[in-house]
Amino acid sequence: KSFYTSEMHVLSIVVIQGEKLSTTIVLGAQWGDEGKGKVTDFFASKADLVVRFQGGNNAGHTIVIGDEKFALSMVPSGVMYESCTPVIGSGCVIDFEVLKNEIETLNNKNIDTTKLKLSYNAHIIMPYHKILDELIEESLGDKKIGTTKKGIGPCYGDKIQRKGIRIQDFLSEDKFNERLKNNLEEKNQIIEKIYGGTPIKFDEVVNEYKKYKELISSIAEDTSLFISNSVKENKEILFEGAQGTLLDIDHGTYPFVTSSNTSAGNAATGSGIGPLNFEQVVGVTKAYISRVGTGPFITEQENEIGDYMIEKGAEFGTVTGRRRRCGWLDLVSLRYSKRINSLSQLFITKLDVLSGLEEIKVCVGYKFEDKKITDYPLIDEILDECEPVYESFGGWDEDISKIRKYDALPENAKKYIEFIEEFIDVPIKYISVGPERNQNIIR
């Protein structure tokens, strides 16, 4: 099925179940945890490549196949399909231990990982990054950011300061040793003298990282060139984001954000191909909204409604296990996400979680100083004082988890979906009604 995008003036091809996938970006439209792992897996069945373009092992993707549950944080979801090549791009930061463990876990479940490719230019999360992440977070007291303490922020910090260690540096023993020695001279000073921690020994790190040499050398590659050649060959390519738009380092609720650009623009930078190569952007959003950690959350429900969403939606972090904060869907922030990412379609997940609620609300504006705001405010002082303006809908009691046709949904569920679609002005092409890969409605 083809459609015309007035914004881009380009004839694109919608990709699904046997039709052309082309080059598609899938990313979170909220604060992450929208179900991108399932969505990526859904599209990856027709993909030749799945490319992860940002983030580290602070983002988890959960895929449910029958009784099996796969929690991935580093390996792209496309690894589940033999015909698909999973690629980790230069915009990612890599924890060797986590990557190795994930590969071994997949291999033990008879899932082939030999096609996995890792960019020469991806940066490595070192032991001092994790230590500093934890020390810095603890020093903030009640002003904590809510980091996962996995070294992601300090690693990206070193990358920007040009002190990072890349995959290609690791593969050169002399270069790795030189950079590690120089970095430890500085990092140990900070760890010991500022935060009172224990310094890291050079020899211990070198010996520890030797065991990863064979694995990393077998998967390291110029992934930018590989992806570009795949585009020329008209391969079907899926670009997979981590976290969500509202956690973007530039466009999210700073400083309560992640350390990389989670929005669509970084798909080009983090994978190493030009922006004119992308044909569509799929935004993933829950039928409600959640976030992990601290930061503004205008529609948060700290009551029995929020508890209902948490328990029924199993809202606990894939990586951290932390209980997520939940609330009504915020269409103001979702429309902002559309603008930031040029969303061409939406994939709504967890609609089934709302079954059983007598009333369902959706935020259509913010109230600030007796004025209604309909555009997402970037000024912290305004955002902190905003209150939600809601539109209410009747709920439904039916179990919708077995429904596969849109017309079979309860009328109130369809009214809710169609209101979101009209408000955001982006077609809702797909609706998830359960965690398994086949629990989807295609419109």
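Please read these numbers as outputs of a predicted model, since none were measured by experiment. (Residues numbered from 1 in each chain as written. Predicted model: local features only at pLDDT ≥ 70, side-chain atom pairs only at ≥ 80, totals over all residues. Heavy atoms only, no water.)

A.B. asks: Could you clarify how one ought to interpret the packing of helix H6 (residues 173–194) against helix H7 (residues 202–210) in this entry?
C.D. replies: Helix packing geometry: the angle between the two helix axes and the distance between the axes. It is at 10 Å that the axes of H6 and H7 come closest, and there the two elements cross at 140°. When the axes of H6 and H7 are compared, the pair comes out oblique. By crossing handedness, the relation of H6 to H7 is classed as right-handed. Of the residues in H7, those touching H6 at Phe176, Asn177, Leu180, Lys181 and Leu184 are Phe202, Val205, Val206 and Tyr209. Here the contact of H6 with H7 is built from residues that sort into seven nonpolar, one polar and one charged. (Axes fitted to C-alpha atoms, helices over the stretch in contact; angles between N-to-C directions. Helix = DSSP H or I, 4+ residues; strand = E, 2+ residues; numbered from the N terminus. Parallel < 35°, antiparallel > 145°, perpendicular 65-115°, else oblique. Left-handed = near helix turned anticlockwise from the far one by under 90°. Contact = heavy atoms within 4.5 Å. Nonpolar A, V, L, I, M, F, W, Y, C, P; charged D, E, K, R; others polar.)

A.B. asks: Sorry if this is basic, but what is going on with the state of the cysteines here?
C.D. replies: The bond known as a disulfide is covalent and runs between the sulfur atoms of two cysteines. By the definition in use, this model includes zero disulfides. Counting only cysteine sulfurs, cysteine 155 is the nearest neighbor of cysteine 92, a cysteine outside any disulfide, at a range of 11 Å. A disulfide-free cysteine, cysteine 363 has its sulfur positioned 9.1 Å from the sulfur of cysteine 386, the nearest such atom. Owing to a relative accessible area of 0%, cysteine 363 belongs among the buried residues under this scheme. (Disulfide = S-S within 2.5 Å. Buried < 20%, exposed > 50% of the residue type's maximum accessible area, 1.4 Å probe, protein only.)

A.B. asks: What is the right way to read the side chain of asparagine 440 from this model?
C.D. replies: The topology assignment puts asparagine 440 in strand S22 (residues 440–442). Polar side-chain contacts of asparagine 440 include one of 2.7 Å to the backbone oxygen of arginine 437. Residue contacts for asparagine 440: discarding those within four places in its chain leaves Lys38, Phe42, Phe347, Arg404, Ile431, Ser432 and Val433. (Polar contact = N/O pair within 3.5 Å; in protein donor to acceptor, adjacent residues only side chain to side chain.)

A.B. asks: Which parts of the structure should I look at to understand the packing of aromatic side chains?
C.D. replies: The geometry of an aromatic ring pair comes down to the distance between the two centres and the angle between the two planes. A complete count under the given rule lists 20 aromatic pairs for this structure. Each ring, one from phenylalanine 42 and one from tyrosine 430, has its centre 5.7 Å from the other, and the planes form 65°; the classification is edge-to-face. Residue phenylalanine 42 is found in helix H1 (residues 36–44), and its partner tyrosine 430 is found in strand S21 (residues 428–432); the two are separated by 388 residues along the sequence. Exposure class is identical for phenylalanine 42 and tyrosine 430. Each is buried. (Phe/Tyr/Trp six-rings, centres within 6.5 Å; stacked < 30°, edge-to-face > 60°.)

A.B. asks: What am I meant to see in the nonpolar core here?
C.D. replies: A general trend in soluble globular proteins is that nonpolar side chains are found buried together. Ile25, Phe239, Leu351, Leu354, Leu409, Tyr416 and Ile431 are the most contacted members of the largest nonpolar core, which has 53 residues in total. With five residues, the single largest contributor to this core is helix H14 (residues 411–424). With residues near it in sequence (within four places) discarded, isoleucine 25 still touches Phe53, Phe239, Ala264, Ala267, Phe278, Gln280, Val281 and Val282. Judged by nonpolar contacts, the second largest core, of 51 residues, contains Ala44, Val75, Met126 and Phe347. (Core = buried A, V, L, I, M, F, W, Y, C linked by side-chain atoms within 4.5 Å.)

A.B. asks: Please clarify how the pattern of salt bridges should be interpreted in this entry.
C.D. replies: Where charged atoms from two side chains of opposite charge approach closely, those side chains can pair. The tally for this structure, following the rule as stated, stands at 24 salt bridges. A salt bridge links glutamate 186 to lysine 163; the shortest N-O distance between them is 2.9 Å. Here lysine 163 lies in the loop between helix H4 (152–160) and helix H5 (167–170) and glutamate 186 lies in helix H6, a separation of 23 residues in the sequence. Under the relative-accessibility criterion, lysine 163 is labelled partly exposed at 29%. Where lysine 414 meets glutamate 411, a salt bridge forms, and the shortest distance between an N and an O atom there is 2.9 Å. Taken together, the positions of lysine 414 and glutamate 411, both in helix H14 and three residues apart, correspond to about one turn of that helix. On the basis of relative accessibility, which here comes to 10%, the residue lysine 414 falls in the buried class. (Salt bridge = Lys/Arg side-chain N within 4 Å of Asp/Glu carboxyl O.)

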